[in-house]
Amino acid sequence: MKPYCAIYSTFLQRAYDQVVHDVCIQNLPVRFAIDRAGLVGGDGPTHAGAFDVGYLTALPNMVVMAASDEVELVHMVHTANAYDTGPIAFRFPRGEGEGVELPETPKVFEIGKGRMVREGKRVALLSLGSRLSACMSAADELAKQGLNITVADARFAKPIDAELVEQLLSTHELVLTVEEGAAGGFGAHVLELAALQAWNTPNYGRIVPLFLPDMFQQSASPQEMLAEAGLDADGIVKQIQRHLQHQSNEELHVQQHLS
């Protein structure tokens, strides 16, 4: 028998002690299928799954995946089913999928490995989960402005694909992590990894984490809530433009000081 626990992110919060003591300490291969991960529109702040990445990645033995679309979710269900080493979780949002055709034959992902979706230069977006389509739309908009950026899908919040992170940091001036979750989640772990590996030096790009605002967002349409959080395509474009402008101003200030 392969145990599954299918549950809303917000309800799993109430069972956190059981996850720690009854699953993770014993390293049992329980599969957590986490629905309502991220903003939930009209379901409101009581049902918003903003915290699961943070509270699950803190636990030893836990593997955490986040699906960017329904195809990725099919593969993650298959990956979780094949994983018997310990507990594993896959999160997915409320609402409709992207409308992509489902695969006839699911894959088993290599644990802790992300993927490159679009290769560019100077700026990279490292998305976890549901914000990948917004990242792609942001990249399309920036391409019209002459800036071809890289987009990558992390797939795993734990373990993080360290090789992919280093590749992005070593070849881009700016790397933005994008997630539909609270502060202290995926972006925080990428920053910690960079600090531990000494990737936060002038030889590497700067990391900017994008995540949900530090508030309980009130009920609205999903589009309105994402716009308020700055996690829609327009918000991501504005963040990139703002940080590139700030970086240009800093470089100009240094040049003026040296001259």
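As shown above, the structure is provided for reference.
A brief structural summary.

Calculation criteria
Every chain is numbered on its own, with residues counted from 1 as its sequence reads. Restriction of local features to residues with pLDDT of at least 70 applies here, the model being predicted, together with a cutoff of 80 or more for giving and counting side-chain atom pairs; totals for whole chains, interfaces and linings are based on all residues. Here the side-chain values reflect all heavy atoms present in the structure, with hydrogen atoms and water set aside. Only DSSP runs of H or I reaching four residues or more are called helices, and only runs of E reaching two or more are called strands; each is numbered from the N terminus. Here's how the labels work: a residue is buried when its accessible area is under 20% of the maximum for its type, exposed when over 50%, partly exposed in between, all with a 1.4 Å probe on protein chains only. Only heavy atoms matter for contacts: two residues are in contact if any of them lie within 4.5 Å across the pair. What sets the accessible areas is the Shrake-Rupley method with a 1.4 Å probe; for residues, cover comes only from the shown protein chains. Positive charges are assigned to Lys and Arg, negative charges to Asp and Glu, while His and the chain termini are left out of the count. Charge positions come from single atoms, namely NZ of Lys, CZ of Arg, CG of Asp or CD of Glu. DSSP calls a pair of strands paired once it identifies at least 2 bridges connecting them. Axes here refer to lines fitted to C-alpha atoms; in helices the fit is confined to the stretch in contact. Angles between the N-to-C directions go from 0 to 180 degrees. Throughout this description, the term salt bridge denotes a Lys or Arg side-chain nitrogen within 4 Å of a carboxyl oxygen of Asp or Glu. The term nonpolar core refers to a set of buried residues drawn from Ala, Val, Leu, Ile, Met, Phe, Trp, Tyr and Cys, joined through side-chain atoms within 4.5 Å. Stacked, edge-to-face and tilted labels apply to pairs of Phe, Tyr and Trp rings (six-membered ring for Trp) whose centres lie within 6.5 Å, assigned for plane angles under 30 degrees, over 60, and everything in between, in that order. Charges are assigned to positions over rings by a cutoff of 6 Å between ring centre and Lys NZ or Arg CZ, combined with an angular limit of 35 degrees from the ring normal.

A few words on the overall build of the protein. Per the secondary structure count, the protein includes 9 helices and 10 strands. For the protein, the spread of C-alpha atoms along the principal axes amounts to about 70 × 40 × 35 Å. Relative to its 259 residues, the protein shows a buried fraction of 46%. Partitioning the intrachain contacts of the protein with sequence separation of at least 6 by distance along the chain shows that 82% fall at a separation of at least 24. With the model as given, the accessible surface of the protein reaches about 12,700 Å², and the carbon-plus-sulfur share is 52%. On the protein, the mean spot of the 19 positive side-chain charges and the mean spot of the 32 negative ones are 1 Å from each other.

The sheet built from 5 strands is open, its strands ordered 5-7-6-9-10 with mixed pairing. The sheet is open, and its two edges are formed by strand 5 (115-118) and strand 10 (206-210), each paired on a single side. Across this sheet, the average inter-strand angle for adjacent strands is 25°, counted without regard to direction. Contacting strand 5, strand 6 (122-128), strand 7 (150-153), strand 9 (172-179) and strand 10, helix 6 (residues 162-171) crosses the sheet at an angle of about 140° to strand 9.

Omega for the bond connecting Lys 158 with Pro 159 falls within 30 degrees of zero, at -10°, which places this linkage in the cis form. With respect to the helices and strands, Pro 159 occurs in the loop between strand 8 (156-158) and helix 6. Even without being a glycine, Asn 27 presents a positive backbone phi close to 55°. Of note, Asn 27 is situated in the loop between helix 2 (16-24) and strand 2 (31-35). According to the relative accessible area criterion, Asn 27 is partly exposed, its value standing at 29%.

It is worth spelling out the pattern of salt bridges at this point. Under the criterion given, the structure shown has 16 salt bridges. In this structure, the salt-bridge partner of Asp 43 is Arg 36, at a minimum N-O distance of 3.3 Å. With a relative accessible area of 16%, Arg 36 lands in the buried category. What you see here is one network of salt bridges that share partners, running through Asp 35, Arg 36, Asp 43 and Arg 94.

On to the nonpolar core, then. In this structure, Leu 12, Phe 32, Leu 56, Met 62, Leu 126 and Phe 186 are the most contacted members of the largest nonpolar core, which totals 36 residues. Going through the elements one at a time, helix 2, strand 2, helix 3 (52-57), strand 3 (63-66), strand 6, helix 6 and helix 7 (186-196) are the ones with two or more residues in this core. Not counting residues up to four positions away in its chain, the partners in contact with Leu 126 are Ala 152, Asp 153, Ala 154, Leu 164, Val 165, Leu 168, Val 175, Leu 176, Thr 177, Val 178, Phe 186 and Val 190.

Within this structure, the stated rule accounts for 5 aromatic pairs. Residues Phe 90 and Phe 92 carry aromatic rings whose centres are separated by 6.4 Å and whose planes lie at 20° to one another, so their mutual orientation is stacked. Between Trp 199 and Tyr 204 the ring centres are 6.4 Å apart and the planes differ by 40°, which places this aromatic pair in the tilted class. Given the relative accessible area of 23%, Tyr 204 is considered partly exposed. In this arrangement the basic side chain of Arg 31 is found over the ring face of Tyr 4, its NZ or CZ atom lying 6.0 Å from the centre. Lying across the ring of Phe 109, Arg 155 places its NZ or CZ 3.8 Å from the centre.

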